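Spelled out from the first residue to the last, the chains are:
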Amino acid sequence: MAYVDGFVLAVPTANKDAYRASAAKAWLLFKEFGATRHVECWGNDVPDGKLTDFKRSVQAKDDETIVFSWIEYPSKEVRDEVYRRMKDDPRMKEMDMPFDARRMIFGGFQPIFDERA
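The structure reproduced in this document is the subject of the present report. In this text, all values refer to a predicted model and were calculated from it rather than measured experimentally. (Residues numbered from 1 in each chain as written. Predicted model: local features only at pLDDT ≥ 70, side-chain atom pairs only at ≥ 80, totals over all residues. Heavy atoms only, no water.)

**Let's talk about the environment of Asp 89**
Condition: The numbering of helices and of strands both runs from the N terminus, where a helix is a DSSP run of H or I of at least 4 residues and a strand a run of E of at least 2. Residue exposure (1.4 Å probe, protein chains only): buried if accessible area is under 20% of the type maximum, exposed if over 50%, otherwise partly exposed. Pairs of N or O atoms within 3.5 Å make up the polar contacts considered here, provided that, within protein, one atom can donate a hydrogen while the other can accept it, and that residues adjacent in sequence are counted only when both atoms are side-chain atoms.
Inspection of the secondary structure assignment puts Asp 89 in the loop between α3 (76–88) and α4 (90–93). The class of Asp 89 is buried, set by a relative accessible area of 10%. In this structure the C-alpha to C-alpha distance between Asp 89 and Leu 29, which are 60 residues apart in sequence, comes to 9.0 Å. Here Arg 91 takes part through its side chain, which lies 2.8 Å from a polar atom of the side chain of Asp 89.

**A word on the nonpolar core**
Selection rule: For the purposes of this section, nonpolar cores are sets of buried Ala, Val, Leu, Ile, Met, Phe, Trp, Tyr and Cys residues that join through side-chain atoms within 4.5 Å. Contacts were defined at the residue level, with two residues in contact if any of their heavy atoms lie within 4.5 Å.
If you look at the biggest cluster of nonpolar residues, it comprises 17 residues, and the most contacted ones within it are Leu 9 and Phe 30. Elements represented by at least two residues in this core include exactly β1 (3–12), α1 (16–33), β3 (64–73) and α3. Broken down by element, this core gets its largest block of residues, 6 residues, from α1. Residue contacts for Phe 30: discarding those within four places in its chain leaves Ala 35, Ile 71, Tyr 73, Val 82, Tyr 83 and Met 86.

**Brief notes about the layout of surface pockets**
Defined as follows: Here a cavity denotes a set of grid points, spaced 1 Å apart and computed over the protein atoms alone, in which a 1.4 Å probe fits but from which it cannot get out, and a pocket denotes an open set meeting protein on both sides within 12 Å along at least five of seven lines; residues with an atom within 4 Å of a point are reported as lining. Grid points are joined across faces, edges and corners, and a volume is the space filled by probe spheres set on the points.
Estimates place the volume of the largest pocket at around 480 Å³. Taken together, 20 residues form the lining of the largest pocket, with Phe 7, Ala 26, Phe 30, Met 92 and Met 97 sitting closest to its centre. Breaking the lining of the largest pocket down by element, the ones donating at least two residues are β1, α1, β2 (37–42), β3 and α3. The greatest single-element share of the lining of the largest pocket, amounting to 5 residues, is contributed by α1. Approximately 220 Å³ is the volume found for the second largest pocket. In terms of lining residues, the second largest pocket is bounded by Lys 16, Asp 17, Tyr 19, Arg 20, Ala 23, Ala 24, Trp 27, His 38, Glu 40, Cys 41, Trp 42 and Val 67. Contributing elements (two or more residues each) for the lining of the second largest pocket: α1 and β2.

Structure representation (C-alpha cells):
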C-alpha cells in the first residue's frame, strides 16, 4: 500500500519562486529514487485558529506564507530507501532551502482512506 510524507512549513512570501524552483529540483531526485507524486500547495486561505493553527505550528512570521505539501511512495520501504539514497547523494548538498527548515513539521503516514471523483 502507498505511503505519504506530509509537510507544513513557513516560507518567506518573497521566496515563492525560489521555493517552487527548489521543490522542482528536489522532485527530480525523489522521482529518480522511487517517489510517485509530489504536491506543493501555497497557502492562500489559512485562518488563525482559537487554540492552534498552521501558522502557530511552524511559528510563521507576518512576512511568511504557509506551505502544505506531500510526497507519495509505493510503500514505506521505498520511502525509507529514497531518504537513504538522498542523504548520501551529493546533489542534495547543492540544494537551496529558501526557508527555515528548523520550523518545518513533517511525518510519514499510512493512508487509511483514499477516494477520488
